[in-house]
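# Structural overview for review
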Amino acid sequence: MDVRFVNEVRGDAIVLMATEGGALTSGAHALDVRLNGALTRAAQAARFTGGSGAVVEVLAPAGIEASRILIVGLGQIDKIDSLSIERWAGHAVKRLLTSGLTSIALVADGHKGVTAAESAARAAIGARLAAYRFDRYRTKLRPDQKPTLAELAVVTDGPAAAQARYEHDAAVVDGVHWARDLVNEPANVLYPEAFAARIKTTLEPLGVDVEILGEAEMEKLGMNALLGVGRGSARQSQIAIMSWRGAKNKAAQPLALVGKGVTFDTGGISLKPGAGMEEMKGDMGGAAAVVGAMKTLAMRKARANVVGLVGLVENMPDGEAQRPGDIVVSMSGQTIEVLNTDAEGRLVLADVVWHAQEKFNPAAVVDLATLTGAIIVSLGHEHAGLFCNDDDLAQALVSAGQAEGEAVWRMPLSPAYDKMMDSPTADMKNISGKPAAGSITGAQFIGRFIKPGMAWAHIDIAGTAWKPGPYEDPVSPSWATGYGVRLLNRLVASRYEE
Ligand code: BES
Ligand code: MN
Ligand code: ZN
C-alpha cells in the first residue's frame, strides 16, 4: 500500500474519527459542517456509539466526490493512545480492503497524549498491519476476495511532521509482515535450509552480517543437543547468526536475541496426536520474531549492537531419529537424558544460547520460543509467558509489551522448580515427568545453559505466535500474528539504544 500524508481530504472513501458517545473529532466535524450535518444525522440514525470498532458507513454522500464516508469509533476519549489509533485505522481497512475501492483517506486528528503527527503516523501503520494477507497459494480468488485498496492518504494538519514520524516508526511493519509470512509458510516450503536462505537474502542487503552454520560446523562445536533433534529429518539443520552493529562502538557488548526455529514439530518418536498437528508449521515463531526484529532494527538503522541467533531444525521420526532415553552431550558439556523427543525446543535452545554467550559475551540474552502447550493453559492467547532472572530486564519487557500491544506476563523461576529437571542418569532430563508447571520447568531447563551473572529472559510464545480465528484484532488479521517483533524492537529502543 502506497502511503502519503496530505492536508486535503480526497479519496474514494473517507474515514473519520469519533469518540465514545458519538462525538466527531475536529477533522470529522469540519466535514460534517461542509455536508450540512449529514454525518451527524447518519450517526444518529445508525445508533452509532463511537465504541472501538463501531462503524457508520454513508454511501454515495451528496456534495462530495467520495463514494463512501466511514465514521469509525475510537472508544473512550480518556483511553485513546497510539494503539487505539492503529486499531481505528485497522477497522477501516478491514472493512474496505476488498471493497472495490482503490484509495482511502484517513482523517487522523491528534488527541490528549497523542500529537497530530503521532496520530497520523499510527493510522498509517495500523492500516498497513491490517492490510496484511497471506494469499501466495490462493490461485482461484474471486475478484471480490482480492484486495483492491492500493493508496492510503492520511489527512493531517502537518503532513511533513507526520511523514517524518512515520519514516521513523514504520520499519516495524516490514518486520511484522515478514515474521507473519514465515510463520504462515508451510513446512514443505520453509524447511531449515530454505529459512536460512531467506534470512541471508533478506537481511544482508540491509547491512546485517549473516553467517550460516551447517551440520558439519555444529558437530565441530559439539552441538549434540540441537543435532539430536534434527537426526530424524531428511533436512539439514542450520543455525543462522545475524549481527547488526549500529552502536558508535561496534565492539560494545551486544544484546543477544535467540529464537526457536523448529520448522515442523511432529514430536519425533514421541509422536504428537494427528489432530491439529498442522499448526506445528508455526513452531519456528520464535525464530520468525528474532529475524523480523533484526529486519526492523536494520531498516531503521537502530543505534545499538544486536545479534540474533536462530536454531533451525525439523523434528521428525524415522530410523535415524533420536529415541526416548537417549543421552546427549550438549555444547556446554552438560549431559541431557531425552525422555521425550517432543520436548525438543529446549534441546535446540540449550546449544544456541550457549553458543550466543561463548561467541558474543552479550550484555543480555533474550530467547523467544513456542516452547510449551502449558503456557496456553496458563495465559491463553493474550499474554506470552516471561521468565527472567533480572528485574530491570523483566520490567523493560513488560513495559515494551504494554506499549506495543504484545503483552507479556511474568512467571516464576526458583531452585525448587529447577530441581524437577534433575535426572538420576545424566545431568538433567528434558521433561520433569510431572503434569505440573510445564512452562516453568521448560524455562528452568534453558536456564541451566545460561552462564552465572548473565541477564536472561525467556519468552514462551506458544499462545501468541499464532491464534485461532476469527481474527478480531484488526491489526492482526491472519493466523500468524508476527508476535515478538514489536516487543523486541521496543526493548532495544528503550534499553539498548544510544
Ligand atoms: N512446540 C511444542 C509446544 C507447543 C504446543 C507450541 C502447542 C504451540 C502450541 C513443543 O515442542 C512441545 O511439544 N512441548 C511439549 C512439552 C512436553 C513434552 C514437556 C508440550 O507442550 O506438550
Ligand atoms: Mn515438541
Ligand atoms: Zn516444538
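Residues numbered from 1 in each chain as written. Chains lettered and ligands numbered in written order. Predicted model: local features only at pLDDT ≥ 70, side-chain atom pairs only at ≥ 80, totals over all residues. Heavy atoms only, no water.

### Observations regarding the coordination of the manganese ion (ligand 2)
Here is the rule we go by: Each metal's donors comprise the N, O and S atoms found within 2.8 Å of it (within 3.2 Å for Na, K or Ca). Water is not part of the atom list, so some coordination spheres may appear incomplete. Any site counts as irregular unless it has four donors with all angles between 85 and 135 degrees, making it tetrahedral, or four or six donors with opposite ones more than 155 degrees apart and the rest between 65 and 115, making it square planar or octahedral. Relative accessibility under 20% of the residue-type maximum defines a buried residue, over 50% an exposed one, and the middle range a partly exposed one, all with a 1.4 Å probe and only protein chains included.
D265 (OD), D342 (O), D342 (OD) and E344 (OE) make up the full set of protein donors to the manganese ion (ligand 2), lying at 2.0 to 2.2 Å. One can describe the site at the manganese ion (ligand 2) as irregular: its six donor atoms subtend angles covering 71 to 167° at the metal. Motif for the manganese ion (ligand 2), donor spacing along one chain: D-x76-D-x1-E. On the accessibility criterion, E344 (1% relative accessible area) is buried.

### Some remarks on the pattern of salt bridges
The condition that has to hold: Salt bridges, as used here, are contacts in which a Lys or Arg side-chain nitrogen is within 4 Å of a carboxyl oxygen on Asp or Glu. Where helices and strands are cited, they refer to DSSP runs of H or I of at least four residues and of E of at least two residues respectively, numbered from the N terminus.
According to the stated counting rule, one finds 30 salt bridges in the structure shown. Measuring nitrogen to oxygen at the nearest pair gives 2.9 Å for the salt bridge that ties E86 to R486. Placement of the pair is E86 in helix α3 (residues 82-96) and R486 in helix α16 (residues 485-496), with a sequence separation of 400 residues. We note that E86, like R486, is buried. K359 is paired through a salt bridge with E211; the nearest N and O atoms lie 3.4 Å apart. Here K359, found in helix α11 (residues 345-360), pairs with E211, found in strand β7 (residues 209-213); they are 148 residues apart in sequence, far enough to count as distant. When salt bridges with common partners are traced through the structure, they connect E86, E118, R122, R165, D169, E404, R486 and R490 into a single cluster.

### A short note on the coordination of the zinc ion (ligand 3)
The reference angle at a metal is 109.5 degrees if four donors form a tetrahedron and 90 or 180 degrees if six donors form an octahedron. Only K260 (NZ), D265 (OD), D283 (OD) and E344 (OE) from the protein coordinate the zinc ion (ligand 3), and they sit 2.0 to 2.4 Å from it. Note that the zinc ion (ligand 3) binds six donor atoms; their angles at the metal cover 78 to 173°, and the shape is octahedral. Binding-site remark: the zinc ion (ligand 3) is held by donors from one chain whose sequence spacing is K-x4-D-x17-D-x60-E. The distance between the zinc ion (ligand 3) and the manganese ion (ligand 2) comes to 3.2 Å, with D265 serving as a donor to both metals. Taken as a pair, K260 in strand β9 (residues 255-265) and E344 in the loop between β12 (335-338) and α11 lie far apart in primary sequence, 84 residues in all. Accessibility expressed as a relative area gives 2% for K260, which makes it buried.

### Digging into unusual backbone geometry
Going from G469 to P470, the amide bond is cis rather than trans, its omega being 0°. Structurally, P470 is set in the loop between β17 (455-460) and α16.

### Re the sheet that holds strand β14 (residues 384-388)
Selection criterion: A strand pair is defined by DSSP finding two or more bridges across the two strands. Here an axis means a line fitted to C-alpha atoms, over the contact stretch when the element is a helix, while the angle between two N-to-C directions is reported on a 0 to 180 degree scale. Throughout, a residue-residue contact means that at least one pair of heavy atoms, one from each residue, lies within 4.5 Å.
Reading across the sheet, the eight strands line up as β7-β8-β10-β9-β13-β17-β14-β15 and stay open at both edges, with mixed pairing between neighbours. Only two strands of the sheet have a single partner each, and these edge strands are β7 and β15 (408-410). The sheet shows a mean angle of 20° between the axes of neighbouring strands, taken without regard to direction. Where β9 lies against strand β13 (residues 364-369), five bridges are found, and the strand directions are parallel. When the bridges of β13 are listed, G259 appears paired with L368. Strands β7, β8 (238-245), β9, β10 (305-315) and β13 of the sheet are contacted by α11, whose axis makes an angle of about 150° with β9.

### Points about the site of ligand 1
What counts, and what does not: Any residue with a heavy atom lying within 4 Å of a molecule or strand is counted as near it. In protein, a polar contact requires one atom able to donate a hydrogen and another able to accept it; more generally it is a pair of N or O atoms within 3.5 Å, and residues adjacent in sequence count only if both atoms are side-chain atoms. Just so you know the grouping, Ala, Val, Leu, Ile, Met, Phe, Trp, Tyr, Cys and Pro go in nonpolar, Asp, Glu, Lys and Arg go in charged, and all remaining residues, Gly too, go in polar.
Residues in contact with ligand 1 amount to 17 residues; listed here are only the nearest, K272, D283, D342, E344 and G373. With respect to ligand 1, the side chain of D265 contributes an N or O atom lying 2.9 Å from an oxygen atom. Here the shell around ligand 1 is composed, by residue class, of six nonpolar, four polar and seven charged.

### Digging into the nonpolar core
Rules: We call a set of buried residues a nonpolar core when its members are Ala, Val, Leu, Ile, Met, Phe, Trp, Tyr or Cys and they connect through side-chain atoms within 4.5 Å of each other. Bear in mind that the domain bounds are from an automatic or database domain assignment.
Grouped together as the largest cluster of nonpolar side chains are 101 residues, with contacts concentrated most on W88, L106, I199, M242, V366, L393 and I459. Broken down by element, the residue count for this core peaks at nine residues, all from helix α10 (residues 285-299). If you count residues domain by domain, this core takes at least three from each of domain 1 (2-168) and domain 2 (172-496). Among residues more than four places away in sequence, those in contact with L393 are A364, V366, C388, A455, W456, A457, L491, R495 and Y496.

### Notes on the domain arrangement of the protein
Heads up, the condition is: As a working definition, buried area equals the accessible area (1.4 Å probe) given up by two parts on being put together, with both sides summed.
Segmentation of the protein into domains returns domain 1 (2-168) and domain 2 (172-496). The C-alpha-based centres of domain 1 and domain 2 are spaced at 37 Å. Contact residues are listed per partner, giving 17 residues for domain 1 and 24 residues for domain 2. For the pair domain 1 and domain 2, the summed buried area comes to about 1,700 Å², and 58% of that belongs to carbon and sulfur atoms. On the domain 1 side of the interface with domain 2, the three residues burying the most area are R128, L129 and Y132, jointly 38% of the side's total. Counting across the interface, domain 1 meets domain 2 through four salt bridges. Put simply, the parts of the chain that give the side of domain 1 that touches domain 2 at least two residues each are α3 and α4 (116-130). Considered class by class, the residues forming the side of domain 1 that touches domain 2 number seven nonpolar, four polar and six charged.

### Remarks on helix α7 (residues 192-203)
An α-helix turns once per 3.6 residues; consequently, residues spaced three or four apart project the same way. As a reminder of what qualifies: Multiplying one less than the number of residues by 1.5 Å gives the expected span of a helix.
The end-to-end C-alpha distance of α7, which contains 12 residues, comes to 16 Å, matching closely the 16 Å that a straight helix rising 1.5 Å per residue would cover. For α7, every residue scored as buried is listed here: P192, A194, F195, A196, I199 and L203. Each element contacted by the buried residues of α7 is listed here: α6 (171-184), β7, β8, β9, α10 and β10.

### Some details on empty space enclosed by the protein
This is how it is decided: Lining residues are those with an atom within 4 Å of a point, where the points come from a 1 Å grid over the protein atoms alone and group into cavities, where a 1.4 Å probe fits but cannot get out, or pockets, open sets with protein on both sides within 12 Å along at least five of seven lines. Grid points are joined across faces, edges and corners, and a volume is the space filled by probe spheres set on the points.
Taken as a whole, this structure holds two cavities of 30 Å³ or more when the rule is applied. A volume near 40 Å³ is recorded for the largest cavity. Together, G228, V229, G232, G268, I269, N315, M316, A321, Q322 and T341 line the largest cavity. Along the lines of polarity and charge, the residues of the lining of the largest cavity split into four nonpolar, six polar and no charged. Approximately 30 Å³ is the volume found for the second largest cavity. Lining the second largest cavity are A179, V183, G285, A288, A289, A465, T481, G482 and Y483. Taken together, the elements giving at least two residues each to the lining of the second largest cavity come down to α6 and α10. Of the residues forming the lining of the second largest cavity, the biggest block, three residues, is contributed by α10. Here the residues of the lining of the second largest cavity are counted per class, giving six nonpolar, three polar and no charged.

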